[in-house]
Amino acid sequence: MKTINLPPYAPILMESTRAIGYSLESAISDIIDNSISAQATLITIKFFPIGQPYISILDNGNGMSSKELNIAMQYGSKNPNEKRDTNDLGRFGLGLKTASLSQCRTLTVISLKDGKLSGRRWNLDYVIKTGKWSLILIDKDEMGEMPLFNELIKCGKGTLVIWQNLDRLSAGDSNFVTTFGLKMDIVREHIALVFHRFLSGEQGLKKIDITINNNAIKAADPFLIKKSTQLMDEERILVHGQIITVKPYILPHISKLTEAEVKELGAKSL
Ligand SMILES: Nc1ncnc2c1ncn2[C@@H]1O[C@H](COP(=O)(O)OP(=O)(O)OP(=O)(O)O)[C@@H](O)[C@H]1O
Ligand SMILES: [Mg+2]
């Protein structure tokens, strides 16, 4: 059979995968998924809206060697059909890149594993300039200038993801500082809900602390477990050889809820 090697043209593939439809909160959640898969117990998010705005996400997970970091930065780094560890929340081998570059033009990842630091960067403008998959290697001096770098060193291991050139967030926004803050409030609520089982340290899961600009995120309680009096038994269902555990909850009648509880369940008001 005659073949030619036809890899995708880097600038176009990168630009088109930016339009996958991530919101800021779902993009940050994809980065948190990776941290949880890497056994992190502390995830520190920092955002800064003034001058050269950035969002930095640090975890104290397993970290990556330089080889592992190269693979992590590659588009399509893992086979979606490959069997993964039960605690691995990833699937497509794309999230780190597509989620990040849906929000920014410069993605830097610095990782610390076995006492060794590695840093890599996708800069969309540089990829456009070279027309190639030109992954930038970051040296130690440059790493030192990155937000939360000192905190990564203090953790002794882990991974730091930095988003700069936040073009999608600042597009057409005359009052960026205020809207950035409001968007990060939505991120906080989203994380509190989506990761509530990890944040509350539910039985069987490793407890994870997540902070945004030094404020700890409190787990949401979407089933009102603290208030529910009707406890129900768990059910185990076998699906394609895997056991799925289903835990039902009965919510109290709306007339028994406070305004704050109704809000916690997702409604705007009573
Ligand atoms: N914070 C992290 N700590 C350690 N390893 C990481 C981290 N983030 C990413 N990785 C590694 O990089 C790989 C690629 O991550 P990426 O998010 O792009 O894809 P994925 O998690 O495998 O799948 P998905 O596209 O569903 O998110 C991961 O499988 C993991 O091995
Ligand atoms: Mg992922």
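Higher on the page you've got the structure.
Since the structure is predicted, the reported quantities are computational estimates derived from the model, not experimental observations.

Participant: Just to check I follow, could you spell out the environment of proline 53 for this structure?
Facilitator: Mapped onto the elements, proline 53 comes out in the loop between β1 (42-48) and β2 (54-59). In sequence terms proline 53 and aspartate 167 are 114 residues apart; their C-alpha atoms lie 9.9 Å from each other.

Participant: Looking at this structure, how should I read the pairing of strand β6 (residues 158-164)?
Facilitator: Walk down a regular strand and you will see the side chains alternate between the two sheet faces. Of all seven residues making up β6, six are buried, and the element is well covered by its neighbours. Where strand β3 (residues 106-113) lies against β6, seven bridges are found, and the strand directions are antiparallel. Bridge pairing in β6 links threonine 106 to glutamine 164.

Participant: Before we go on, may I ask you to explain the site of ligand 1 in this structure?
Facilitator: Around ligand 1 lies a shell of 17 residues, among which Asn34, Arg91, Leu94, Gly95 and Lys97 are the nearest. In the environment of ligand 1, an oxygen atom lies 2.8 Å from a nitrogen or oxygen atom belonging to the backbone of glycine 95. One of the side-chain nitrogen or oxygen atoms of threonine 159 is found 3.4 Å away from a nitrogen atom of ligand 1. At three residues, helix α4 (residues 95-101) tops the list of elements feeding residues into the shell around ligand 1.

Participant: Hey, could you run me through the pattern of salt bridges in this one?
Facilitator: Following the criterion strictly, the structure yields nine salt bridges and no others. The residue glutamate 68 makes a salt bridge to lysine 113 at a minimum N-O spacing of 3.0 Å. Taken together, the residues glutamate 68 in helix α3 (residues 66-73) and lysine 113 in strand β3 connect sequence positions 45 residues apart. For the salt bridge of glutamate 142 with arginine 121, the shortest nitrogen-to-oxygen distance reads 2.9 Å. Placement of glutamate 142 in helix α6 (residues 140-144) and of arginine 121 in strand β4 (residues 116-123) is noted, with a sequence separation of 21 residues between them. Using a relative accessible area of 28% as the deciding quantity, one classes glutamate 142 as partly exposed. On the basis of relative accessibility, which here comes to 10%, the residue arginine 121 falls in the buried class. When salt bridges that share partners are traced, they join Glu15, Arg18, Arg105, Asp125, Asp167 and Arg168 into one network.

Scoring rules and cut-offs
Residues numbered from 1 in each chain as written. Chains lettered and ligands numbered in written order. Predicted model: local features only at pLDDT ≥ 70, side-chain atom pairs only at ≥ 80, totals over all residues. Heavy atoms only, no water. Helix = DSSP H or I, 4+ residues; strand = E, 2+ residues; numbered from the N terminus. Buried < 20%, exposed > 50% of the residue type's maximum accessible area, 1.4 Å probe, protein only. Pairing = 2+ DSSP bridges. Near = heavy atom within 4 Å. Polar contact = N/O pair within 3.5 Å; in protein donor to acceptor, adjacent residues only side chain to side chain. Salt bridge = Lys/Arg side-chain N within 4 Å of Asp/Glu carboxyl O.

The values reported here are purely geometric and, on their own, carry no functional implication.
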